[in-house]
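Topology and contacts: notes
Now for the letters of each chain:
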Amino acid sequence: MDIRIIKNPSPSEKPDENALGFGLTYTDHMFIMDYNRSVGWHNARIVPFGPLEIHPAAVVLHYGAEVFEGLKAYRAADGTVRLFRPLDNIRRMNDSAERLCLPVIDEDDAMQALVEFVRLEQDFVPHKSGTSLYIRPFMIATEANLGLHGINEASFIIIASPSGSYYKEGISPVSIMIETEDVRAVKGGTGYAKCGGNYAASTRAGERAEKLGFSQVLWLDGVERKYIEEVGSMNVMFKIAGKVITPDLIGTVLPGITRRSILEMLRDEGYEVEERRISVEEIINALENGTLEEAFGCGTAAVVSPMGKLVFNGREYTINNNEIGPLTAHLYDTLTGIQWGRLEDTKGWVLTI
Ligand code: PLP
Ligand code: COI
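Residues numbered from 1 in each chain as written. Chains lettered and ligands numbered in written order. Predicted model: local features only at pLDDT ≥ 70, side-chain atom pairs only at ≥ 80, totals over all residues. Heavy atoms only, no water.

So, about the overall build of the chain. For the chain, the count of helices and strands is seven helices and 18 strands. Against the 2.2 N^0.38 benchmark of 20 Å for 353 residues, the chain shows a C-alpha radius of gyration of 21 Å, consistent with a compact globule. Dimensions of the chain along its principal axes, counting C-alpha atoms only, are 60 × 50 × 35 Å. Within the chain, the proportion of its 353 residues that are buried is 54%. Here the chain has roughly 15600 Å² of accessible surface; of this, 49% comes from carbon and sulfur atoms. Side-chain charges in the chain split into 35 positive and 49 negative, and the spacing between the mean points of these groups amounts to 2 Å. (Helix = DSSP H or I, 4+ residues; strand = E, 2+ residues; numbered from the N terminus. Rg over C-alpha atoms; globule rule 2.2 N^0.38 Å. Buried < 20%, exposed > 50% of the residue type's maximum accessible area, 1.4 Å probe, protein only. Areas by Shrake-Rupley, 256 points an atom, 1.4 Å probe, with all protein chains shown as cover. Lys, Arg positive; Asp, Glu negative; His and termini not counted. Charge placed at Lys NZ, Arg CZ, Asp CG, Glu CD.)

Moving on, we get to the packing of aromatic side chains. Inspection of the entire model under this criterion finds seven aromatic pairs. Ring centres 5.3 Å apart and planes at 55 degrees place the aromatic pair Y35 and W41 in the tilted group. Of the residues examined, Y35 reaches a relative accessible area of 15% and is grouped as buried. A cation over a ring is seen here: K14 above F124, with NZ or CZ 4.2 Å from the ring centre. The cationic tip of R277 hangs over the ring face of Y227; the distance from NZ or CZ to the ring centre is 3.9 Å. (Phe/Tyr/Trp six-rings, centres within 6.5 Å; stacked < 30°, edge-to-face > 60°. Lys NZ or Arg CZ within 6 Å of the ring centre and 35° of its normal.)

Taken together, the neighbourhood of ligand 2 is formed by F22, F68, G70, Y134, R136, Y166, K194, S233, T300 and A301. At a separation of 2.6 Å, an oxygen atom of ligand 2 approaches a polar side-chain atom of K194. A301 is positioned such that a nitrogen or oxygen atom in its backbone is 2.9 Å from an oxygen atom of ligand 2. Burial of ligand 2 by the protein amounts to 89% of the accessible area it has alone, namely 290 Å². Split by residue class, the shell around ligand 2 holds five nonpolar, three polar and two charged. The two domains that each donate at least three residues to the shell around ligand 2 are domain 1 (4–165) and domain 2 (174–339). (Near = heavy atom within 4 Å. Polar contact = N/O pair within 3.5 Å; in protein donor to acceptor, adjacent residues only side chain to side chain. Nonpolar A, V, L, I, M, F, W, Y, C, P; charged D, E, K, R; others polar. Domains from an automatic or database assignment.)

This is the structure in C-alpha cells:
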C-alpha cells in the first residue's frame, strides 16, 4: 500500500511529560484512508493533524456507525519505541467492524498504516516512567444518507495522544460501584465490539458513579442483572481462595488484549484460572467470608488497576484493606516490564518500531 505523507509545516512543542493526563493533547499528524464499496480502501495518507470535514448527513453522526481501538507505544530505556500485540488490536477492530457492517481492512495494510504513523510520530512517545503514546485507530461511516442501509463509504483514521495514567489514582486502588439500573450489553448485541455506542450508553451510569465518588461502574449482565461483566474501560479479575476468576467471553464483554495476556501469564506461572460466570452474590459472599483476596481491572488505558472498594446496593466493601495486593502488583510489574522492555519478551508480544 502506498501512503502519501504531507508533513505538518508547523510542528508543535512536545507537551510537559509531568502533566500529561489521558487523551488531552495530540501529535502533529494523523493517518487517513477512505473506503467506498466500488473501489475498496484507497487514498492512504498521513496529513497534518486537524479537524475533519464531514457531511452533516454522514451515517456516523446519526446512527453511530463507528468502531475504535486503543493501544500504546512505549519508550524503552534504550530509546526504542515498542507496540504491544498490535495485530490483536487490528483483528479486534475488524471483528467490531464486521458487527457494525463497516468494511474490514487488510491486516497487512492496517499494520503498515500503524507502523508508518508511529514511526513518523515517534518523538511524541514520552520518556517519563508510566507515560506512553496512546494510539487511537477508528473507523467511521461517512456517506451522506439518512436512510438506514448498509454502509458504502467510510474512513479509517489513526490519531495519537501522549498520555499518563488513565485514573487519577495511578496504580493506587480505585473505588468501583456495581451498577444495578442501567445495563451495558446483552447477548446478540454489541458488547464484544469496541464501538462508540457502547460507551455513549454507559455514560449515564458512569456519571452517576463519579458524582458519588467512584471511578467507574462494574456492569452486571443485561438479563438477570446477577452476573459480573466488566468495568467501563477494563476487564475484571478476582482472586478468591487462591484461584483467579474472570467472566468468560460470551459476547457481552470486550475481549481485552490485556485480559488475554494476563490469563496467559497466570497459567504459565501455574495459577489456577477460571473463565466463567461469576455472580455478584459469589463476590459479596467471598468479601464477607474473607476469601476474596484481591480484585483488579485490566486494560490498555487502565493497565492493571487494583480495586480497593466495591459498593453494591449502597453497601461498601473494602478489598485487601484498600491496598494493592501482591498478585496485582506482580502482574502490573510483569506486564509493564514486558511493555517497556525491562523484562524479556519471551512471547513475541512486542513489536519494536
Ligand atoms: N473492556 C472495555 C469496555 C474496554 O473499553 C477496554 C479497553 O480497551 C477493555 C475492556 C480492555 O481491553 P484491552 O485490554 O484490549 O485494552
Ligand atoms: C483503552 O483502554 O484503550 C480504551 O479504549 C478504554 C477507553 C475508555 C479509554
